[in-house]
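Each chain, letter by letter, is given below.
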Amino acid sequence: GRLVGITTAIIGGAQGICFAVPIDTAKWVVPELLREGKVIRGYLGLAGQTQPFDRRLGRRLGLDVPAGVLIASLAESGPAAAAGLRAGDLILAIDGEATPTVDAVHRLLGRDTIGRTLTLRVLRQGAVIEIRATVAGRPEDARPR
């Protein structure tokens, strides 16, 4: 037996439907919770969703990933908006690391990225561009305990 995940929510009476956190995520989160009582992440100020794209488009643009993170909305005063990112942009990579899912973006925005300027590779209107954004701490992390 190997542990592959930790159950986080169960829908009672729904034929055993439940939700779990992958063990790799849990192994990163548990020490953060023990040390800080919460998970501290970098903040770009955007809401996104995983967005697959057509393989032909990927080949034409020389992309190695089958999906990216589509920016659905931006916090008006957040780092992403200040850097020039826009709703509708598709984030393909952060500092050279592919971002095919929202989880990949979360993993790349750890505590160590706060205050750093990262390069985001973005698909905008059919063209791949690079945008530099300085990661902030989450606004709720700045509140006194």
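Anyway, here's the lowdown on the structure attached to this text. Every residue gets a number counted from 1 within its own chain, in the order that chain's sequence is written. Owing to the predicted nature of the model, reporting of local features is limited to residues with pLDDT of at least 70; listing and counting of side-chain atom pairs is limited to 80 or more, with chain, interface and lining totals taken over all residues. The basis for every side-chain value is the complete set of non-hydrogen atoms in the structure, without hydrogens or water.

**Description of the nonpolar core**
The nonpolar core is taken to be a set of buried Ala, Val, Leu, Ile, Met, Phe, Trp, Tyr and Cys residues, with the residues joined through side-chain atoms within 4.5 Å. Burial status follows relative accessibility: with a 1.4 Å probe on protein chains alone, a residue under 20% of its type maximum counts as buried, one over 50% as exposed, and anything between as partly exposed. Counting residues in each nonpolar core, the largest one holds 15 residues, and the members touching the most others are Leu 44, Leu 85, Ile 91, Ile 94, Leu 109, Leu 118 and Leu 120. Strands here mean DSSP runs of E at least two residues long; helices mean DSSP runs of H or I at least four residues long; both are numbered from the N terminus. Among the elements of the structure, strand S5 (67-74), strand S6 (90-94), strand S8 (117-124) and strand S9 (127-134) are those that each provide at least two residues to this core. In terms of residue count, the dominant contributor to this core is S8 (three residues). Excluding residues within four positions of it along the chain, Leu 44 makes contact with Gly 78, Pro 79, Ala 80, Leu 109, Leu 120, Ala 133 and Val 135. Counting residues in hydrophobic clusters, the runner-up holds seven residues, among them Phe 53, Leu 61, Leu 63 and Leu 92. Two residues qualify as a contact provided that any one of their heavy atoms is within 4.5 Å of a heavy atom in the partner residue.

**Digging into unusual backbone geometry**
Apart from glycine, the bulk of residues carry a negative phi angle, and the bulk of peptide bonds sit in the trans form. Backbone geometry places Asp 95, a non-glycine residue, at a positive phi of 50°. Counting through the fold element by element, Asp 95 comes out in the loop between S6 and strand S7 (97-98). On the basis of relative accessible area, Asp 95 is assigned to the partly exposed category, the value being 37%. Located in the positive-phi region is Gln 125, a residue other than glycine, with phi close to 50°.

**Description of a nonpolar patch on the surface**
A cluster of nonpolar side chains, Ile 11, Ile 17 and Phe 19, forms an exposed patch at the surface whose accessible area comes to about 270 Å². Its location among the elements puts Ile 17 in the loop between strand S1 (5-10) and strand S2 (18-22). Take Ile 17: its relative accessible area is 43%, and that puts it in the partly exposed class. Here, patches come from residues exposed beyond 30% relative accessible area and free of salt bridges, joined within 9 Å for like charges and within 5 Å for nonpolar side chains (Val, Leu, Ile, Met, Phe, Trp, Tyr). Values of accessible area rely on a 1.4 Å probe in the Shrake-Rupley scheme; residue burial ignores everything except the protein chains shown. Salt bridges are identified by distance alone: a Lys or Arg side-chain nitrogen within 4 Å of an Asp or Glu carboxyl oxygen.

**A short note on the pattern of salt bridges**
Using the criterion set out here, one finds six salt bridges in the structure. Here Arg 35 makes a salt bridge to Glu 32, at a shortest N to O gap of 2.5 Å. Residue Arg 35 and its partner Glu 32 are located together in helix H1 (residues 23-36), separated by three residues, close to a single helical turn. Since its relative accessible area comes to 6%, Glu 32 is described here as buried. Arg 56 is paired through a salt bridge with Asp 54; the nearest N and O atoms lie 3.0 Å apart. If you follow the salt bridges from partner to partner, you end up with Glu 32, Arg 35, Glu 36 and Arg 111 in one network.

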